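A closer look at the structure
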Amino acid sequence: MKEEVDKLADVIKDKGTDHQRYVVGIDGLSRSGKTTFASELGIRLEAENILFRTFHMDDHIVERGKRYDTGQEEWYEYYRLQWNVKGLRRELFEEIRNSSQVTLDFYNNNSDTRQRRTITLPEDGIIIIEGLFLQRSEWKDYFDYMVYLDCPREKRFLREKEAIRANISKFINRYWKAEEYYIDKEQPMENADMVVEG
């Protein structure tokens, strides 16, 4: 993974110094290594004194009552209801290129609540957004460069905790169906600028 991080850093390192922000997406399915890749990229950019800000889409999911037991199919809840897709487009994606800050809801898993926070953005620099389903139609046009981490389902499944793996029906009905829908609809690997084995 280090080689790909270095390659990406070389591609983007001059982009954040030309008086506009450069938005990089780190896409991939669950447990494909997105957070690790984004963290390694941040370390490399920091070493080169390049300003950046990282957003993790899992920080912005909605409360459980809005994404579970809604009467919709489980895969639909995961793909369509896990995030406020239109709200994030308006409050994050439409703002990150030109605004000096963004105000977003951050999810707290322990209390199942969301709290609004304002994040200041670097005047020039790189915006890294890592998360699931980034190339969905509502968001994909806001990125300048997209990385897709390609990792086999079996490998990703083994990265889950054993207690979580025990609930196989949740993976079959919720996660895997949504992933298949995303792959079929958006073809994220084919449309990414860089594909990395996760």
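Reading the values: rules and limits
- Residues numbered from 1 in each chain as written.
- Predicted model: local features only at pLDDT ≥ 70, side-chain atom pairs only at ≥ 80, totals over all residues.
- Heavy atoms only, no water.
- Helix = DSSP H or I, 4+ residues; strand = E, 2+ residues; numbered from the N terminus.
- Rg over C-alpha atoms; globule rule 2.2 N^0.38 Å.
- Buried < 20%, exposed > 50% of the residue type's maximum accessible area, 1.4 Å probe, protein only.
- Areas by Shrake-Rupley, 256 points an atom, 1.4 Å probe, with all protein chains shown as cover.
- Lys, Arg positive; Asp, Glu negative; His and termini not counted.
- Charge placed at Lys NZ, Arg CZ, Asp CG, Glu CD.
- Pairing = 2+ DSSP bridges.
- Axes fitted to C-alpha atoms, helices over the stretch in contact; angles between N-to-C directions.
- Contact = heavy atoms within 4.5 Å.
- Phe/Tyr/Trp six-rings, centres within 6.5 Å; stacked < 30°, edge-to-face > 60°.
- Lys NZ or Arg CZ within 6 Å of the ring centre and 35° of its normal.

Considering the overall build of the chain
Check the secondary structure of the chain and you find eight helices and seven strands. Since a compact globule built from 198 residues should have a radius of gyration of about 16 Å, the 17 Å found for the chain is in line with a globular shape. Viewed in the frame of its principal axes, the chain has a C-alpha envelope of about 50 × 35 × 30 Å. When the 198 residues of the chain are sorted by exposure, 45% land in the buried category. As displayed, the chain offers around 10,600 Å² of accessible surface, 43% of which is attributable to carbon and sulfur atoms. Distance between charge centroids for the chain: 4 Å, based on 32 positive and 39 negative side chains.

A few points about the pairing of strand 5 (residues 125-131)
With respect to burial, strand 5 is a largely interior element, seven of its seven residues being buried. Where strand 2 (residues 52-56) lies against strand 5, five bridges are found, and the strand directions are parallel. Within the sheet, the bridge partner assigned to F55 lies in strand 5 and is I129.

A short note on the sheet that holds strand 2
Strand order in this open sheet of five strands is 2-5-1-6-7, and the pairing throughout is parallel. Two strands in the sheet have a free side with no partner beyond their single neighbour: strand 2 and strand 7 (194-197). For this sheet the average axis-to-axis angle between neighbouring strands, irrespective of direction, equals 20°. Running at roughly 165° to strand 5, helix 2 (residues 34-47) makes contact with strand 1 (21-28), strand 2, strand 5, strand 6 (145-150) and strand 7 of the sheet.

Quick look at the packing of aromatic side chains
Within this structure, the stated rule accounts for 17 aromatic pairs. The ring of Y79 has R136 sitting right over it, with the charged end atom 4.3 Å from the ring centre. The ring of W139 has R136 lying over it, and the distance from NZ or CZ to the ring centre is 5.1 Å.

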